[in-house]
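# Secondary and tertiary structure notes
The lines below spell out each chain.
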Number of protein chains: 2
Amino acid sequence: MVEFTEIGDVPSAEVERLRAVYGPLADSVRELIDATIRTEVDADTVADARAQIDAATARLRSRQADGPFGVQLTSGGDRMAWGNPVIGIRNPIAPPVIVKRDPDGRVYTDFELGAAFEGPPGHVHGGVAALVLDHLLGEVAANAESPRFTGTISLRYLRPTPLGRLHAEATITRVDGVKAYAAGYLADDHGPTVEAEGVFIQPKWAR
Amino acid sequence: MVEFTEIGDVPSAEVERLRAVYGPLADSVRELIDATIRTEVDADTVADARAQIDAATARLRSRQADGPFGVQLTSGGDRMAWGNPVIGIRNPIAPPVIVKRDPDGRVYTDFELGAAFEGPPGHVHGGVAALVLDHLLGEVAANAESPRFTGTISLRYLRPTPLGRLHAEATITRVDGVKAYAAGYLADDHGPTVEAEGVFIQPKWAR
């Protein structure tokens, strides 16, 4: 069973302090990920870099959570999904995608994907498009009081998505009891490249 | 248009040398990603770690490729998809998934997902399951002479996938001209958690 454990009840000022400490750390690691893929330095230089990286890891591990980050709640009732691989400001794997919400409920985001997300040369891995769209559709289908998890999702690839600046958005198309139907797309400057639709289901424990 | 640019024709001995230099570097960065998400050290210690990380990045960037890694070909005709976010041994975002192939064409993999891949607390992000399955289905649908890209893919989530040791596999169910139909699943110790099926299409330039 999946539950959103309320690990503490983090006050707003503390949330901002934590964001200022750990957000830039993840940004630095994102740069390092890109450099790790693209570097052409020799073996000795790699060894020196590794020694620095391993030393940084040891420092950070000197005090750490026993398990993964989870989803912590703030005193304002917001979820801090900071370990999330799509939106997590503390997860260097996350681009991160910053999701915005229209008054009418549509969610959208403008973000950039670089070398770390490459499948076909110069283009976004099809599965990365699926990762981002699954998240956006899930985000629009859920809300803070009532989480919904993916039931099914279908993706249609219209053409390859180039690396670089991208846009994605999602809307709810229908709600039927515990099920919410959502649709969305990923786009570059020339329009949609991948379309998605999915059914998201409220888990039994949240009904 | 997406093409597999033959950037060089890397001899086997050189492939092994490159693997030995750059593979362990990505392993170190994978550890750092996990530590970045889970660390609870104070702001000063984070600042020290960041300084080391930024120094390592600068070292690695002192000589680097202009763009993303691409897909380089070896003299044996193999593709070195080392920058790939699922299988890339040089991409710290990749778990990495090591894909094995049965004589009958089935592909499968056993791998581990930790804190960096968390969606619901303690569980794999639904989009990460999609990422891995898209890759596996694409891998089984394609072959070295004839790449195929995702046309459509549908995923059905049977239950939440726990973080930890996982198994995934895929097979071709049908080939119809330029289209290959593939199906597969992700599983934990108790059986399948996510099922996938997709249609993969040979691009015009490869026909």
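These numbers were taken from a predicted model, which means no experiment stands behind them.

## Quick notes on the environment of A:Gly70
Tracing the backbone shows A:Gly70 in the loop between α2 (43-61) and β1 (72-73). Through-space distance from the C-alpha of A:Gly70 to that of A:Trp82 is 8.2 Å; in sequence the pair is twelve residues apart. Leaving out residues up to four positions away in the same chain, A:Gly70 has contacts with A:Met80, B:Glu118 and B:Pro121.

## A look at the domain arrangement of chain A
All names here are of chain A. The assigned domain composition of chain A is domain 1 (1-96) and domain 2 (97-206). Just the C-alpha atoms count here: the centres of domain 1 and domain 2 sit 23 Å apart. Taken together, the contact pairs 15 residues of domain 1 with 16 residues of domain 2. Counting the surface lost from both domain 1 and domain 2, the interface buries some 1300 Å², and carbon and sulfur atoms represent 72% of this. In terms of surface lost to domain 2, no three residues of domain 1 exceed Val-86, Ile-87 and Pro-95, which account for 35% of the buried area on that side. For the pair domain 1 and domain 2, the interface holds zero salt bridges. Among the elements that make up the side of domain 1 that touches domain 2, the one with the highest residue count is helix α1 (residues 12-38) (four residues). Residue composition of the side of domain 1 that touches domain 2, grouped by class: ten nonpolar, one polar and four charged.

Reading guide: rules and limits
Residues numbered from 1 in each chain as written. Chains lettered and ligands numbered in written order. Predicted model: local features only at pLDDT ≥ 70, side-chain atom pairs only at ≥ 80, totals over all residues. Heavy atoms only, no water. Helix = DSSP H or I, 4+ residues; strand = E, 2+ residues; numbered from the N terminus. Contact = heavy atoms within 4.5 Å. Domains from an automatic or database assignment. Buried area = accessible area lost by both parts, 1.4 Å probe. Salt bridge = Lys/Arg side-chain N within 4 Å of Asp/Glu carboxyl O. Nonpolar A, V, L, I, M, F, W, Y, C, P; charged D, E, K, R; others polar.

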